[in-house]
Amino acid sequence: MAQGGPSVLLPPEASCPLCLELFRDPVSIHCGHTFCRGCIERRWEGSGGAFPCPRCRETAPERGLRPSRELAKLLDMARRLSPRVPRAGERLCPRHGEGLKLFCEEEETPLCLKCRGSPPHRLHAAVPIEEAAEERKEKLQAHLRLLQNRREKLQGMKAAEEGKSLELLERVDAERRKVVSQMRELRRLLEGQERLLLARLEKLEREILGKQEGNIGRISERISDLADRIRELEEKCRQPPWELLEGSREILSRLEEENAQEPEETPPELGEQLPGLPRPKVALREVLMTFQASLTLDPDTAHPRLLLSADGKRVRWDGGARRPLPDHPKRFDSSRCVLALQGFTSGRHFWRVEVGAGGAAWALGVAKESVPRKGRLRVQPGGGIWAVGQCGSRCQALASPAVPLALRDPPRVVGVFLDYEGGRVAFFEGGEGAPMFAYPPTSFGGERVLPLLCLGRGGQFTLCP
């Protein structure tokens, strides 16, 4: 026996077949079956012309509801005699002992049917508690999705930041290897410059790692904060309707205020470029210019299709007929080449050559004085020539095999450096002296070495002062 009065056991026929609870305001329909008035009216909402019974499916042309007053009185007495025992997951009204079926939207509180009819709530808007909970749950889930999307975006930003940092560090490492390689080939000239460049690269590496650590730390803090808020909302959404509704308005207000005030996340920029990357070109150019050599082209070596200027500083391809020139022993008769008058058997020397834009192919460098002048010339170290050249848009060092040069654009000015005792020949791009290629050390065997120019159709060269 339940505390507070005798327990009354009622048969299943005392329950509405639609809501499965004791009848409330029971009414019978045309076929004699009984339902709660509210249940059958909701079932027949929108029906027109035919009104079927939910149990036997018998239809009637019009809706007729006959109140069952005796049954209503019996059930009311049974309710008063037997306290309501809540079903699993159900909460009862502490005042009336009835199930909390409604939700007062004005006062944000659950109601039973008796509370709904009482004066405090009679004029308030009330909806079924499941409907109110579902609507509130949808709003919470919308904010949940927003926070999840923001977390995913921050995680993507973190991954991009790590990838960008890795790429920049790889570029720094590539620059380091390039600098070490170039400085090793030109150690006699650039030992001090190498140390300076490496020190600057190490400083830049520390700056990049510092920026990366700071940026990723800030992003990680935001991700952790969002994870806490997402966990809070996920737990809220799993609560029963009445617990979900408790405090949900404050949570929504706080979330909406935060979303309105919080700026859109943008990835902190680590930098597309390497602003502190040292550029050795200016210092290198100054070193090279200390070995500047003054050259003049030798007309006795020029191929008959080449025209030299009066001062011997320019040479161009002659598109006319082959000129009748004396067959000098020093003259090239098949390869369109010319040598300089000045040759070197010692020391370090540097000169620059302006390459004309009209030539489809060209080559320049140094040659041993003994290279053959008659017949086709073999332009490679095995033939006594160390040179770079261009064929179409491709630039390459004319070694064996040829080595492609990683240049952004074909060079307009090429610098040539010769270290006779060191057996070194190196080439530099443009007026700034950016390294292009350095041949491995060799021996010239005490033989005189001369500057060499080779022209293709429409080509021209100018010796820079």
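A. Region of the structure containing the sheet that holds strand β5 (residues 66-67). In spatial order, the strands read β2-β1-β5; together these 3 strands make up an open sheet with antiparallel pairing. Edge strands, defined here as strands with exactly one partner in the open sheet, are β2 (34-36) and β5. The sheet contact formed by strand β1 (residues 26-28) and β2 spans 3 bridges and is antiparallel. Looking at β2, one finds that Pro26 is bridged to Cys36.

B. Examining the sheet that holds strand β6 (residues 102-104) more closely. Pairing in this open sheet of 3 strands is antiparallel, and the strands run β7-β6-β8 from one edge to the other. At either margin of the open sheet sits one strand with a lone partner, and together these are β7 (109-111) and β8 (126-128). This sheet shows a mean twist of 35° between the axes of neighbouring strands, independent of strand direction. Sheet analysis places β6 next to β8, joined by 3 bridges and oriented antiparallel. The residue of β8 that forms the bridge with Phe103 is Val127.

C. Up close: the nonpolar core. With 48 residues, the main nonpolar core has Leu364, Phe427, Tyr439, Leu453 and Phe461 as its most contacted residues. Broken down by element, this core gets its largest block of residues, 6 residues, from strand β20 (residues 449-455). Of all hydrophobic cores here, the second largest spans 15 residues; its members include Leu140, Leu154, Leu233 and Ile251.

D. Quick look at the layout of surface pockets. By volume, the second largest pocket amounts to about 720 Å³. What lines the second largest pocket is a set of 24 residues, and nearest its centre among them are Arg24, Cys39, Arg42, Lys101 and Leu113. Contributing elements (two or more residues each) for the lining of the second largest pocket: α1 (37-43), α2 (69-81) and α3 (113-117). For the lining of the second largest pocket, the leading source of residues is α1, giving 4 residues. Among the residues forming the lining of the second largest pocket, the class breakdown is 10 nonpolar, 2 polar and 12 charged.

E. Quick peek at the confidence of the model for the protein. On average, residues of the protein score 83 in pLDDT, and 86% of them are at 70 or above. Contacts of residues 1-8 to residues separated by more than four positions or lying in other chains number 13 contacts, the stretch itself having pLDDT below 50.

F. A look at a negative patch on the surface. Where like charges cluster on the molecular surface, the negative patch consists of Glu105, Glu131, Glu134, Glu135 and Glu138. Examined against the element boundaries, Glu135 turns out to sit in helix α4 (residues 129-185). For Glu135, a relative accessible area of 40% puts it in the partly exposed group.

G. Representation of the pattern of salt bridges within the structure. Under the defined criterion, the tally for this structure stands at 17 salt bridges. Residue Glu232 is joined to Arg254 by a salt bridge in which the shortest nitrogen-to-oxygen separation is 3.1 Å. Of this pair, Glu232 sits in helix α5 (residues 187-237) while Arg254 sits in helix α7 (residues 248-261), and the two are 22 residues apart along the sequence. Overall, Arg254 belongs to the partly exposed group, its relative accessible area being 31%.

The rules behind the values
Residues numbered from 1 in each chain as written. Predicted model: local features only at pLDDT ≥ 70, side-chain atom pairs only at ≥ 80, totals over all residues. Heavy atoms only, no water. Pairing = 2+ DSSP bridges. Helix = DSSP H or I, 4+ residues; strand = E, 2+ residues; numbered from the N terminus. Axes fitted to C-alpha atoms, helices over the stretch in contact; angles between N-to-C directions. Core = buried A, V, L, I, M, F, W, Y, C linked by side-chain atoms within 4.5 Å. Buried < 20%, exposed > 50% of the residue type's maximum accessible area, 1.4 Å probe, protein only. 1 Å grid on protein atoms, 1.4 Å probe; cavity = no way out; pocket = protein on both sides within 12 Å on 5 of 7 lines; lining within 4 Å. Points joined across faces, edges and corners; volume = space filled by probe spheres on them. Nonpolar A, V, L, I, M, F, W, Y, C, P; charged D, E, K, R; others polar. pLDDT = per-residue confidence, 0-100. Contact = heavy atoms within 4.5 Å. Patch = residues over 30% accessible without salt bridge, like charges linked within 9 Å, V, L, I, M, F, W, Y side chains within 5 Å. Areas by Shrake-Rupley, 256 points an atom, 1.4 Å probe, with all protein chains shown as cover. Salt bridge = Lys/Arg side-chain N within 4 Å of Asp/Glu carboxyl O. Lys, Arg positive; Asp, Glu negative; His and termini not counted. Charge placed at Lys NZ, Arg CZ, Asp CG, Glu CD.

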